[in-house]
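Secondary and tertiary structure notes
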Amino acid sequence: MLPLPRHAVLGNERSVVDLDSVETSLHPSRTDLGAEGYELLIEAGGTAIVAATEHGLWNGHCTLRQLMAVDGSAPHAHVIDTPRFAWRGAMLDVARHFFTVDEVKRFISLISRYKLNRLHLHLTDDQGWRLDIPGWPALARHGGSTATNGDPGGYYTLDDWREIVHHGERHFVTVVPEIDMPGHTNAALASVSELNVDGVCPPLYTGKQVGFSSLRMHLPATERFVHDVVRTLAENTPGPWLHIGGDEAHSTDHAEYVEFIELLQREVAATGKRMVAWEEAGAAPLHRDTVVQHWLSTDKVAAAPAGVGVVLSPASHTYLDMRHDEDDPLGRRWAGDIDVDAAYGWDPVDVVPGLAADRIVGVEAPLWTEKVPTFDAVEHLCFPRLLCLAEVGWTPQPMRQWDDFRVRLQHETNRLAMEGVNVHRSKLL
């Protein structure tokens, strides 16, 4: 059972569960269950799930399926369960390498099984622009034509994008799109001459370096570009968040960077959405409803204005593009090898010294794809480590124990493998 329910009584008796006969009921008055909690009862007379919302019923069904054995039986149980954090996410970088609509939908279906409820899609970077923007056709058609190492590119039409976000809604996963600005923008600069100081587009980039590209505030086309991109995202994304990147803008002057973040905040706010940005944006005067995402420097998070919410993605525990271990043929090493014990063994409240617990919005595990050219490789790097994050984000710290979790993780890893997921076989399981 992943994540571990807060209140669970598991019996020795078992009954075969008919999923089509599970009794479900909505009780909005059950405020104790919140927006995602549920109560699950499995006994000889039948199985029932109660929740205050449809999302809660979904989560109850997720737990029920995890409890069921291959023969369809499940232990008698009474579970009352609510999440620790509201934001429990995974990030997929489709800019460095492109993944199709069907592959992204498969990713959503897999993560939703473990009550992960956010999919952060990194849509643009130096190596590729992946979303069609009306009025700026070259962004996707030219900027999206390649990928890291010169591998095949691709992009999503707005119909494709709506299909992805609708699939997310059906699985209670909110899609959070990221258009990275002002740095990580070579694909845009290579596509639109007006975004360049000299009016000349640089060549498309297929390498792995960062920090060399930047939009410029003083150019006449820049604000129109930002406005159109943000507006398109907002109009085609039902979720409340737009991620504007903001990381590694090493080629942007500090004063210009701050001005750019303020512009992005105004544009996002004008659409009625909330802005999310990487931790570097904490150097600017942020609105209280902006969310910053920590990945490397706790000092930058600590510098953000008081009251700003924080999503935690500490690289040494959550970066899925790192190797599992020294024998892993895939993955990078700069943040260290991350096996399942490291992916599981951290407490979000201990990450940023002095950060009040009520400012932690949640947790997220990113997968950057400079060295991840296929969806088979995505599965290898994400599973089962994403299951560790699911429990970090859901289960209160006092109820988390590695020895217990390890047994459940091994069981669920085997289940995923039987279903054709390209899981990594950790030596710890």
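Computed from a predicted model, the values in this text were never measured in an experiment.

Quick look at the overall build of the chain now. When helices and strands are counted, the chain shows 13 helices and 15 strands. Relative to a compact globule of 429 residues, whose C-alpha radius of gyration would be 22 Å, the chain shows 22 Å and is just as compact. Along the longest, intermediate and shortest principal axes, the C-alpha atoms of the chain span 75 × 45 × 40 Å. Restricting to contacts in the chain with at least 6 residues of sequence separation, those with at least 24 account for 73%.

This part is about the pairing of strand 13 (residues 291–294). Residues V291 and Q293 point to one face of strand 13 and V292 and H294 to the other, with burial holding for every one of them. Where strand 12 (residues 274–278) lies against strand 13, three bridges are found, and the strand directions are parallel. Each residue of the ladder has a partner; that of V276, found in strand 13, is V291. The pairing of strand 13 with strand 14 (residues 309–312) spans four bridges and is parallel. Across the sheet, residue V291 finds its bridge partner in strand 14, namely G309. Handedness of the crossover joining strand 13 and strand 14 through helix 8 (residues 298–303): right-handed.

The subject of this paragraph is the sheet that holds strand 6 (residues 87–93). Spatially, eight strands are ordered 6-7-10-11-12-13-14-15 in a closed barrel, and the strand pairing comes out parallel. Averaged over all pairs of adjacent strands, the angle between their axes in this sheet comes to 30°, without regard to strand direction. Note: strand 6 against strand 15 (residues 360–367), six bridges, orientation parallel. Across the sheet, the residue bridging to L92 is L367, located in strand 15. Each of strand 10 (174–181), strand 11 (241–245) and strand 12 touches helix 7 (residues 254–270); the most contacted strand, strand 12, lies at about 150° to it.

In terms of burial, helix 12 (residues 385–394) is largely enclosed, as ten of its ten residues are buried. Here helix 12 has its buried residues at R385, L386, L387, C388, L389, A390, E391, V392, G393 and W394.

Two elements in contact, helix 12 and helix 13 (residues 402–418), have axes separated by 10 Å at closest approach and are oriented at 135°. Relative to helix 13, helix 12 is oriented oblique. The two elements helix 12 and helix 13 cross, and the hand of that crossing is right-handed. Between helix 12 and helix 13, the residues in contact are L387, C388 and E391 and F405, R408, L409, E412 and L416, respectively.

Let us now look at the packing of aromatic side chains. Counting across every chain of the model gives 15 aromatic pairs. With a centroid separation of 6.3 Å and an interplanar angle of 10°, the aromatic rings of W295 and Y319 are classed as stacked. Remark: Y319 occurs in the loop between helix 9 (315–318) and helix 10 (340–344) and W295 occurs in the loop between strand 13 and helix 8; sequence separation between them is 24 residues. The pair W295 / Y319 is uniform in exposure class, with both members buried. Taken together, the aromatic side chains of W278, W295, Y319, W334 and W368 make up a single cluster linked through ring pairs. Seen from the ring of W394, K115 lies directly overhead, with NZ or CZ sitting 5.5 Å from the centre. The ring of Y344 carries R400 above its face, with NZ or CZ at 4.3 Å from the centroid.

Thresholds applied
- Residues numbered from 1 in each chain as written.
- Predicted model: local features only at pLDDT ≥ 70, side-chain atom pairs only at ≥ 80, totals over all residues.
- Heavy atoms only, no water.
- Helix = DSSP H or I, 4+ residues; strand = E, 2+ residues; numbered from the N terminus.
- Rg over C-alpha atoms; globule rule 2.2 N^0.38 Å.
- Contact = heavy atoms within 4.5 Å.
- Buried < 20%, exposed > 50% of the residue type's maximum accessible area, 1.4 Å probe, protein only.
- Pairing = 2+ DSSP bridges.
- Right-handed = clockwise from strand over helix to strand, strands pointing away.
- Axes fitted to C-alpha atoms, helices over the stretch in contact; angles between N-to-C directions.
- Parallel < 35°, antiparallel > 145°, perpendicular 65-115°, else oblique.
- Left-handed = near helix turned anticlockwise from the far one by under 90°.
- Phe/Tyr/Trp six-rings, centres within 6.5 Å; stacked < 30°, edge-to-face > 60°.
- Lys NZ or Arg CZ within 6 Å of the ring centre and 35° of its normal.

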